[in-house]
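A structural walkthrough
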Amino acid sequence: DTGVSQNPRHKITKRGQNVTFRCDPISEHNRLYWYRQTLGQGPEFLTYFQNEAQLEKSRLLSDRFSAERPKGSFSTLEIQRTEQGDSAMYLCASSPRGGTGELFFGEGSRLTVL
Amino acid sequence: GNSVTQMEGPVTLSEEAFLTINCTYTATGYPSLFWYVQYPGEGLQLLLKATKADDKGSNKGFEATYRKETTSFHLEKGSVQVSDSAVYLCALTKWPGGSEKLVFGKGTKLTVNP
């Protein structure tokens with residue numbers, strides 16, 4: 001499967017714990033995006049990378065959230081001291097160099113904070 | 001800021017019925033417009049797009065026309081099938097004048113009954 005891969009697919013954690021999600025984009029795609037989607041809402045932009053550089057961060061990305069893409073390939077999204085309001089689907093997408101405007105999405109990682 | 005407004009769902013239709021899902025946008029400049037679809041258990045995927053005024057995007061029998069005068073990009077299909085049951089999301093981006101960062105509407109859930 002050469003699509004965008006996200007792991008884990010589902011994470012259940014207790015309030016206050018840290019969680020980390022991983023995204024493997026389509027090979028050779030140089031841009032990588034993170035979104036968050038809550039029930040009944042459209043995805044909201046969190047951040048994006050071009051190669052290893054983080055070019056934009058949303059104000060939604062509080063100090064508890066950090067994203068990295070150290071070698072310009074896979075990316076991680078870490079949430080520290082989780083809160084119940086962090087429960088959501090976290091989506092990753094990638095796009096190729098040059099681009100067509102299309103983002104290629106993974107199936108998402110669902111976070112449930114108890 | 002840029003935003004997208006979609007008609008509220010859910011929408012329930014019988015097979016072979018005509019479908020319209022309304023989408024209007026607010027944006028500076030000349031955005032590109034997209035419809036993404038999310039089938040149950042799958043990731044978001046591009047359905048169709050239009051990059052300039054009066055362009056018509058089409059795919060799988062779905063169509064949408066970029067209307068700058070009414071800031072709209074309504075999705076239509078002449079005869080829906082059960083397999084079209086999904087969530088449909090309208091989105092805009094500054095691409096090609098900027099990144100592919102998408103701003104989404106809330107989504108409209110469509111259920112087609114046999």
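Let us look at the structure shown here. (Residues numbered from 1 in each chain as written. Chains lettered and ligands numbered in written order. Predicted model: local features only at pLDDT ≥ 70, side-chain atom pairs only at ≥ 80, totals over all residues. Heavy atoms only, no water.)

All names here are of chain B. Strand order in the open sheet formed by 4 strands is β3-β9-β8-β7, with antiparallel pairing between adjacent strands. Strand pairing shows two members of the sheet lacking a second neighbour, β3 (19-21) and β7 (56-59), which therefore form its edges. Averaged over all pairs of adjacent strands, the angle between strand axes in this sheet comes to 15 degrees, irrespective of strand direction. Looking at chain direction, β7 and strand β8 (residues 62-65) are connected through 4 bridges and run antiparallel. Pairing of S58 across the sheet is with E63, part of β8. (Pairing = 2+ DSSP bridges. Helix = DSSP H or I, 4+ residues; strand = E, 2+ residues; numbered from the N terminus. Axes fitted to C-alpha atoms, helices over the stretch in contact; angles between N-to-C directions.)

It is worth spelling out the pattern of salt bridges at this point. Two side chains carrying opposite charge are able to pair once their charged atoms lie near each other. Taken as a whole and assessed by the stated rule, the structure comprises 9 salt bridges over all chains. Two residues, R22(A) and D24(A), come together in a salt bridge whose shortest N-O distance is 2.8 Å. Take D24(A): its relative accessible area is 24%, and that puts it in the partly exposed class. Put simply, K56(B) and E63(B) hold a salt bridge, and the shortest N to O gap is 3.7 Å. On the accessibility criterion, K56(B) (52% relative accessible area) is exposed. Residue E63(B) is classed as partly exposed on the basis of its relative accessible area of 35%. A single network of salt bridges, built from pairs that share partners, joins R64(A), E83(A) and D86(A). (Salt bridge = Lys/Arg side-chain N within 4 Å of Asp/Glu carboxyl O. Buried < 20%, exposed > 50% of the residue type's maximum accessible area, 1.4 Å probe, protein only.)

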